[in-house]
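Tertiary structure, described
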Amino acid sequence: QVQLVESGGGLVQAGGSLRLSCAATGRTFSSYPMGWFRQAPGKEREFVAAISWSGDSTYYGDSMKGRFTISRDNAKNTVYLQMSSLKPEDTAVYYCAAHRREVLTNYAWDYDYWGQGTQVTVSS
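All values reported here derive from a predicted model rather than from experimental measurement.

Cut-offs applied
Residues numbered from 1 in each chain as written. Predicted model: local features only at pLDDT ≥ 70, side-chain atom pairs only at ≥ 80, totals over all residues. Heavy atoms only, no water. Helix = DSSP H or I, 4+ residues; strand = E, 2+ residues; numbered from the N terminus. Rg over C-alpha atoms; globule rule 2.2 N^0.38 Å. Core = buried A, V, L, I, M, F, W, Y, C linked by side-chain atoms within 4.5 Å. Buried < 20%, exposed > 50% of the residue type's maximum accessible area, 1.4 Å probe, protein only. Contact = heavy atoms within 4.5 Å. Disulfide = S-S within 2.5 Å. Pairing = 2+ DSSP bridges. Axes fitted to C-alpha atoms, helices over the stretch in contact; angles between N-to-C directions. Phe/Tyr/Trp six-rings, centres within 6.5 Å; stacked < 30°, edge-to-face > 60°. Lys NZ or Arg CZ within 6 Å of the ring centre and 35° of its normal.

1. Notes on the overall build of the protein
Helix and strand content of the protein: zero helices and 11 strands. In the protein, the succession of helices and strands from N to C terminus is β-β-β-β-β-β-β-β-β-β-β. For 124 residues, the compact-globule estimate of 2.2 N^0.38 gives 14 Å, and the C-alpha radius of gyration of the protein, at 13 Å, lies within 12% of that figure. Seen along its three principal axes, the alpha-carbon backbone of the protein occupies a region of about 40 × 25 × 25 Å.

2. Some words on the nonpolar core
Counting residues in hydrophobic clusters, the biggest one holds 30 residues, and the most contacted among them are L4, M34, W36, L81, M83 and Y94. Of all the secondary structure elements, the ones that give two or more residues to this core are β3 (18-25), β4 (34-39), β5 (46-51), β7 (68-73), β8 (78-83), β9 (92-98) and β11 (118-123). Setting aside anything within four residues of it in sequence, one finds M34 in contact with L4, C22, F29, A49, A50, I51, I70, R72, V79, A97, A98 and Y111. With five residues, the next largest nonpolar core counts F47, A50, A97 and Y111 among its residues.

3. Some remarks on the state of the cysteines
Here is the idea: a disulfide is a covalent bond, and it sits between the sulfur atoms of two cysteines. Taken as a whole and judged by the stated rule, the model has one disulfide. Here C22 connects covalently by a disulfide to C96, the sulfurs 1.9 Å from one another. Between C22 and C96, the S-S dihedral sits near 50°, and the bridge is therefore right-handed. Remark: C96 occurs in strand β9 and C22 occurs in strand β3; sequence separation between them is 74 residues. Judged by its relative accessible area of 0%, C96 falls in the buried class.

4. Observations concerning the sheet that holds strand β1 (residues 3-7)
Taken in spatial order, the four strands line up as β1-β3-β8-β7 in an open sheet, and their pairing is antiparallel. The open sheet has two free edges, formed respectively by β1 and β7, since each of these has just one partner strand. Averaged over all pairs of adjacent strands, the angle between their axes in this sheet comes to 15°, without regard to strand direction. Two strands pair when backbone bridges link them, and β7 and β8 are joined in this way by six bridges, in the antiparallel orientation. Residue F68 lies in a different strand from β8, and its bridge partner there is M83.

5. Some points on the packing of aromatic side chains
With the rule as written, the count across this model stands at eight aromatic pairs. Judged by centre distance (5.1 Å) and plane angle (55°), the ring pair of F37 and W114 falls under tilted. Linking F37 in strand β4 with W114 in strand β10 (residues 113-114), this pair joins segments that are 77 residues apart in sequence. F37 gets classed as buried once you look at its relative accessible area, which sits at 1%. We classify W114 as partly exposed; its relative accessible area is 27%. Of the aromatic side chains, those joined through ring pairs into one cluster are F37, F47, Y59, Y95, Y111 and W114. Geometry around Y95 places R45 over its ring, the cationic atom sitting 4.0 Å from the centre. Note that R45 overlies the ring of W114, its terminal NZ or CZ placed 4.7 Å from the centroid.

Take it as geometry only, folks, not as evidence of what the structure does.
Below, the structure is given as structure tokens:
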């Protein structure tokens, strides 16, 4: 069982940066690929990024490439999402998630564990 808690959200101006953190409990955290998703009001949940259990492989949604970076520190049971060049359309609740499959995936239904989310608001 894995429990996930996101932090680091807030209000930022367009062009600014934020770093989100996702702290996990559970001694098997390092064996789980992790992902970040986001959901804006009235929209479907959108894939942001994923990272392999080792951190060697990453995968990004098209609109995040070059602006967002996912990373993890297995010693700290934490995964991060560094976001830069933020745009108002990045405004959403951001969720971290974990799954038990070996491959990276951008499908929300593949993920077994979810955090409660952290709000990111980008003002223009």
